[in-house]
Amino acid sequence: MDAQALEDAASGRAGDLLMVTAREIASLLGVESCESSAEVSRVSAIPAAGPDALVFALDEDAMAEALASRAGIILGPLNAAADSRVVRVKDPRTAFARVYAKWFDERGGRGVHPTAIVEMEAVIGAGCEIGAGSYIAAGAKLGADCVVGPRVVIHGCATLGSRVRVQAGAVLGSDGFGYARTSDGYLGFPQIGTLWIGDDVEIGAGTTIDRGALGETRVGRGTKIDNLCHIAHNCIIGEDVIMAAQVGMAGSCVIEDGAMLGGQVGLGERVTIGKGVILGGQGGVLPGKKIEGEGVVYWGTPAQPVREYLRGLARMRKA
Amino acid sequence: MDAQALEDAASGRAGDLLMVTAREIASLLGVESCESSAEVSRVSAIPAAGPDALVFALDEDAMAEALASRAGIILGPLNAAADSRVVRVKDPRTAFARVYAKWFDERGGRGVHPTAIVEMEAVIGAGCEIGAGSYIAAGAKLGADCVVGPRVVIHGCATLGSRVRVQAGAVLGSDGFGYARTSDGYLGFPQIGTLWIGDDVEIGAGTTIDRGALGETRVGRGTKIDNLCHIAHNCIIGEDVIMAAQVGMAGSCVIEDGAMLGGQVGLGERVTIGKGVILGGQGGVLPGKKIEGEGVVYWGTPAQPVREYLRGLARMRKA
Amino acid sequence: MDAQALEDAASGRAGDLLMVTAREIASLLGVESCESSAEVSRVSAIPAAGPDALVFALDEDAMAEALASRAGIILGPLNAAADSRVVRVKDPRTAFARVYAKWFDERGGRGVHPTAIVEMEAVIGAGCEIGAGSYIAAGAKLGADCVVGPRVVIHGCATLGSRVRVQAGAVLGSDGFGYARTSDGYLGFPQIGTLWIGDDVEIGAGTTIDRGALGETRVGRGTKIDNLCHIAHNCIIGEDVIMAAQVGMAGSCVIEDGAMLGGQVGLGERVTIGKGVILGGQGGVLPGKKIEGEGVVYWGTPAQPVREYLRGLARMRKA
């Protein structure tokens, strides 16, 4: 250990800490730099910020708090007063996320944990991290740079793109729920299809996604799925869809690009959610129905455009 | 490796592939055979069918698609035109499931995965498959031919019948949620009962079933439970019940034989769902209530027969 | 093995069985003892009780059943008739739970299961039990006497107090669900905060609790959380809160002390549930809203005080 490393260790600072200057940050964000010569090595909430931290502030109150803090560099709104620590940007929250993604996101890249169980016939792309106790079955294929948390199950029917993130306890490629009623009780319909997950999809803890019955279940590029959601067999989820926690959908639903489903939304079989539709939390859509309209907000069960929903609610509640 | 096996390997075909004739299929289904001499070795969706595949078609459109495909044998409806590849049956979907179950269902029978943790005092019936990373605690008893997926937990209080299927991540026999309020906060009520699961029950990924508090939690023969459901302590589930994903029920509910619960249904404590009742998705029943009527469809919270529910909805939504 | 142990083994009784007298029980509960010289070694439901068992009875019917049983000691209500086996108390159910907690609760204390994966840099307090296949990441801290079930994941951002119980399959400290929309799709907002869980908290099977985004997620002392709940980043849960199964809440909610949330309750972002509020099953609160009133019962979505809710329901359903 050399002198610098000893000093770093004494100060509790890693020797290889990445330092980023205000000028580098401004350059990434395509804005004019502030005059600051500050360097930061992490992002932080304002109360926990030191001179080594980047923070962001959305409005005047937050700006005042940030300026009163010890933060090294502050991402503030365009109308913020000039200050040697402030880099002014159009959208400070997004800018903060961009800086984090560029320099400070340390998730991933740790390889396969020694307790993960990866069957011989699974294909794991370069740069993947597989967490402790996870199980990757024979036949599964993961693209490059995926991050699979601990205790995940990926069945052999699943193909994942690159940079897919799967959190702890999720199950990808479980058998769907399909039966034929006979005089001897229920008989399982074959659940032998596949599951395809595009690049940059993120899947929350405890979420379950079933394989297709005969065909395919699909989750499109860039879609983000929160914890404890359930996606049934043969659902086709588009790109850049947002699905909050505990959403559930029955078989063969279609969720078009850019749709947003609030928490605990429930969809019957063969429902279609049109491109860019926003369906509020706990909303429900009956089997076979379609709701549509880019940016239109729906609410309730059966889901209605929010204005009609509120009118009905007022009628129900009037004296 | 003999010459035949080498040839099979070269063609990507397993040497011991099971070939089933149209005559054998007709015989299983109790119908007249077609004249076909075709043999199939798998079931398939129509678009992915080759000469080695059995498909089914429910109506004229699907029949046209099937006849235009390369499928070796087609299960069609009774009114389908005679064709050398078509076996005509009353219910092609169920027939398809029966053929699959008889000859092509390859799930199960793989024994205990080397990474599964089976405590010494657990009893595992003949022919069981226990998946990677699953934990079977001391005291648990599994009947014959159960298929337990990866990362399942079966606590010691649980007794399973034969041919029970449990998917990845499910938890059987967790402690129930029961407390007594005291001046020092909540005190746990004993959760020391048992869990009994009948033959041919299927349990979805991530589902949790609590043991009885003092007595028993029961799931009757043939009942099918989808992903992420929650069954609380002392619930008594009958036979051939269908429970879609994310259903939740509080303690001491009774679900009688043949009832069907849609996705995200929620039941309060001590609710009774009568024999053969159908409760639509997101429906709710208040604590202590009973709904009944074989084949009667209920909807909403508090659940009402569907006709009354729709009338109320129309009233709420009228101009 | 000595003679007594042999005899015990032959009778199926452990040599070190704890025997508790009626006098000891009465003393714990602060009531007059009955005259019984009975000793019990377990708690039981009435139908399964033998002379070695303590049971409880809340009303006349249960008392009659208990007196007709072989139970050794009966906890009955204050107005129960005097009987040599009956200890009369104000609240027999709570008294039963207190006796169980004092002498018969055998959960916990089994140490770390050999298949649990505890990273070097995790801190495990004295007396903790860690179940089979669980994963405790580097950085996690557990206080004394925690009981962690099988297949649990505790991420490195989590700090648990003492006597915390976590059931099978739960995930503590998963990344929250936060994104910034950009022209290139969604960009992850940093999820680098912490999770703090107080003493005596209990967490059900399959429940997921996210770490703070930049700050902290908190669960206060004594709070009890049922199975398959979802608690998002930066939620602040007070003390002695009760949360039934499948409750879900979006980010930055505040649940004040003593609140009770029924099963499948759903809360939008930044919702506040006031001290001691009771929100019935499937109820929902819209983003940013607050409901309050100690002991006030709310119902429905958007949640209303129960009287108003019922009035609206009656109006909707009238002829």
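Residues numbered from 1 in each chain as written. Chains lettered and ligands numbered in written order. Predicted model: local features only at pLDDT ≥ 70, side-chain atom pairs only at ≥ 80, totals over all residues. Heavy atoms only, no water.

A. Seen up close, the relation of the copies chain A and chain C. When chain A is fitted onto chain C, the two copies agree to an RMSD of 0.0 Å after a turn of 120° and an axial shift of 0.0 Å. Within this description, the copies of the chain are treated as partners about a three-fold rotation axis. Closest approach to the rotation axis within chain A is made by the C-alpha atom of Met 316 of chain A, at a distance of 3.4 Å. Interface overlap between copies: only 20% of the residues of chain A at the interface are likewise at the interface in chain C, consistent with a contact formed by different surfaces. (Least-squares fit on C-alpha atoms with pLDDT ≥ 70 in both. Contact = heavy atoms within 4.5 Å.)

B. Just the domain arrangement of chain A, in detail. Looking at chain A, the domain boundaries give domain 1 (3–104) and domain 2 (117–313). In this structure, domain 1 of chain A and domain 2 of chain A have C-alpha centres spaced 37 Å apart. (Domains from an automatic or database assignment.)

C. The arrangement of the side chain of Ser 69 of chain B in detail. All names here are of chain B. Assignment of secondary structure puts Ser 69 in the loop between helix H3 (60–68) and strand S5 (73–77). For Ser 69, the side chain forms a polar contact with the main-chain oxygen of Ala 66, separated by 2.6 Å. At a separation of 3.1 Å, a polar atom in the side chain of Ser 69 contacts the main-chain amide nitrogen of Ala 71. Sequence-distant contacts of Ser 69, defined by excluding residues within four places in its chain, comprise Ile 46 and Arg 85. (Helix = DSSP H or I, 4+ residues; strand = E, 2+ residues; numbered from the N terminus. Polar contact = N/O pair within 3.5 Å; in protein donor to acceptor, adjacent residues only side chain to side chain.)

D. Seen up close, the interface of chain B and chain C. Contact residues are listed per partner, giving 50 residues for chain B and 46 residues for chain C. Buried surface at the junction of chain B and chain C, summed over both partners, amounts to about 3,700 Å²; 61% is from carbon and sulfur atoms. Counting every contact that joins chain B to chain C gives one salt bridge. For the salt bridge of Asp 175 of chain B with Arg 107 of chain C, the shortest nitrogen-to-oxygen distance reads 3.0 Å. Put simply, chain B and chain C have 20 residue pairs in polar contact (both at pLDDT 80 or more) between them. If you list the elements that add at least two residues to the side of chain B that touches chain C, you get strand S16 (171–174), strand S17 (179–182), strand S18 (185–188), strand S21 (208–210) and helix H5 (306–317) of chain B. Partitioned by chemical class, the residues of the side of chain B that touches chain C number 23 nonpolar, 21 polar and six charged. (Buried area = accessible area lost by both parts, 1.4 Å probe. Salt bridge = Lys/Arg side-chain N within 4 Å of Asp/Glu carboxyl O. Nonpolar A, V, L, I, M, F, W, Y, C, P; charged D, E, K, R; others polar.)

E. Structural context of the pattern of salt bridges. On inspection of all chains with the given rule, the structure shows 42 salt bridges over all chains. Across the pair Glu 269 of chain B and Arg 270 of chain B runs a salt bridge whose closest N-O atoms are separated by 3.1 Å. With a relative accessible area of 39%, Glu 269 of chain B lands in the partly exposed category. Measuring nitrogen to oxygen at the nearest pair gives 3.1 Å for the salt bridge that ties Arg 110 of chain C to Glu 129 of chain C. (Buried < 20%, exposed > 50% of the residue type's maximum accessible area, 1.4 Å probe, protein only.)

F. Up close: the packing of aromatic side chains. Per the counting criterion, the structure on display carries 18 aromatic pairs over all chains. Where Phe 189 of chain B meets Phe 96 of chain C, the ring centres are 5.6 Å apart and the plane angle is 35°; that geometry is what we call tilted. Residue Phe 189 of chain B is located in the loop between S18 and strand S19 (194–197), and its partner Phe 96 of chain C is located in helix H4 (residues 92–104); the two belong to separate chains. The exposure class assigned to Phe 96 of chain C is buried, which follows from its relative accessible area of 0%. Every member of this aromatic cluster is reached through a ring pair, and the members are Phe 56 and Phe 96 of chain A together with Phe 189 of chain C. For Arg 218 of chain A, the ring lying beneath its charged end belongs to Trp 196 of chain A, and the centroid distance is 4.0 Å. (Phe/Tyr/Trp six-rings, centres within 6.5 Å; stacked < 30°, edge-to-face > 60°. Lys NZ or Arg CZ within 6 Å of the ring centre and 35° of its normal.)

G. Main features of the confidence of the model for chain A. All names here are of chain A. Confidence along chain A averages 93 in pLDDT terms, with 95% of residues attaining 70 or more. Taken together, the stretch residues 1–14 has pLDDT below 50 and engages in four contacts with residues farther than four places along the chain or on a different chain. The ipTM for the predicted assembly is 0.93, set against a pTM of 0.94. (pLDDT = per-residue confidence, 0-100.)

H. Region of interest: the sheet that holds S21 of chain B. Read across the sheet, nine strands follow the order S7-S10-S13-S16-S21-S24-S27-S30-S33 (chain B) without closing on themselves; strand pairing throughout is parallel. On the outer flanks of this sheet lie strand S7 (117–118) and strand S33 (284–285) of chain B, each paired with one strand and no other. (Pairing = 2+ DSSP bridges.)

I. Looking closely at the interface of chain A and chain C. Between chain A and chain C, the residue contacts involve 46 residues of the former and 50 residues of the latter. Carbon and sulfur atoms supply 61% of the area buried between chain A and chain C, which totals about 3,700 Å² over both sides. Three residues, Arg 151, Met 316 and Arg 317 of chain A, lead the burial of chain A against chain C; their summed loss comes to 18% of the area buried on that side. Summed over the shared surface of chain A and chain C, the result is one salt bridge. Taken together, the links from chain A to chain C amount to 20 residue pairs in polar contact (both at pLDDT 80 or more). For the side of chain A that touches chain C, the secondary structure elements donating two or more residues are helix H4 (92–104), strand S23 (224–225), strand S26 (242–243) and helix H5 (306–317) of chain A. Ranked by residues supplied to the side of chain A that touches chain C, first place goes to H4 of chain A with seven residues. Across the side of chain A that touches chain C, the residue classes break down as 23 nonpolar, 12 polar and 11 charged.

J. Representation of the relation of the copies chain B and chain C. Here chain B sits on chain C after a turn of 120° about the axis and a move of 0.0 Å along it, with an RMSD of 0.0 Å. A distinct binding surface is used by each copy, with only 18% of the interface residues of chain B retained as interface residues in chain C.

K. Main features of the packing of helix H2 (residues 22–29) of chain A against H4 of chain A. Residue and element names in this part refer to chain A. Here H2 crosses H4 at 110°, and the two axes come no closer than 10 Å. With respect to their mutual orientation, H2 and H4 come out roughly perpendicular. For the crossing formed where H2 meets H4, the hand is right-handed. For the pair H2 and H4, the contacting residues are Glu 24, Ile 25, Leu 28 and Leu 29 in the first and Ala 95, Arg 98, Val 99, Lys 102 and Trp 103 in the second. Among the residues forming the contact of H2 with H4, the class breakdown is six nonpolar, no polar and three charged. (Axes fitted to C-alpha atoms, helices over the stretch in contact; angles between N-to-C directions. Parallel < 35°, antiparallel > 145°, perpendicular 65-115°, else oblique. Left-handed = near helix turned anticlockwise from the far one by under 90°.)

L. Main features of the packing of H5 of chain A against helix H5 (residues 306–317) of chain C. Where H5 of chain A meets H5 of chain C, the closest approach of the two axes is 8 Å, and the angle between their N-to-C directions is 100°. It follows from the interaxial angle that H5 of chain A and H5 of chain C lie roughly perpendicular. For the pair H5 of chain A and H5 of chain C, the contacting residues are Arg 315, Met 316 and Arg 317 of chain A in the first and Gly 312, Leu 313, Arg 315 and Met 316 of chain C in the second.

M. Main features of a negative patch on the surface. Residue and element names in this part refer to chain A. Negative charge collects at one region of the surface, where Asp 59, Glu 60, Asp 61 and Glu 65 lie side by side. Topologically, Asp 59 is positioned in the loop between strand S4 (53–56) and helix H3 (60–68). Relative accessible area serves as the criterion here: at 43%, Asp 59 is assigned to the partly exposed category. (Patch = residues over 30% accessible without salt bridge, like charges linked within 9 Å, V, L, I, M, F, W, Y side chains within 5 Å. Areas by Shrake-Rupley, 256 points an atom, 1.4 Å probe, with all protein chains shown as cover. Lys, Arg positive; Asp, Glu negative; His and termini not counted. Charge placed at Lys NZ, Arg CZ, Asp CG, Glu CD.)

N. Layout of helix H3 (residues 60–68) of chain C. Residue and element names in this part refer to chain C. Taken as a whole, H3 has its buried residues at Ala 62, Met 63 and Ala 66. Here the buried residues of H3 occupy an arc of 105° about the axis, which is enough to place them on one side. Among the exposed residues of H3, those oriented more than 90 degrees off its buried face are Glu 60, Asp 61 and Ala 68. Buried residues in H3 make contact with strand S4 (53–56), strand S5 (73–77) and strand S6 (86–89). (Arc of directions from axis to C-beta.)

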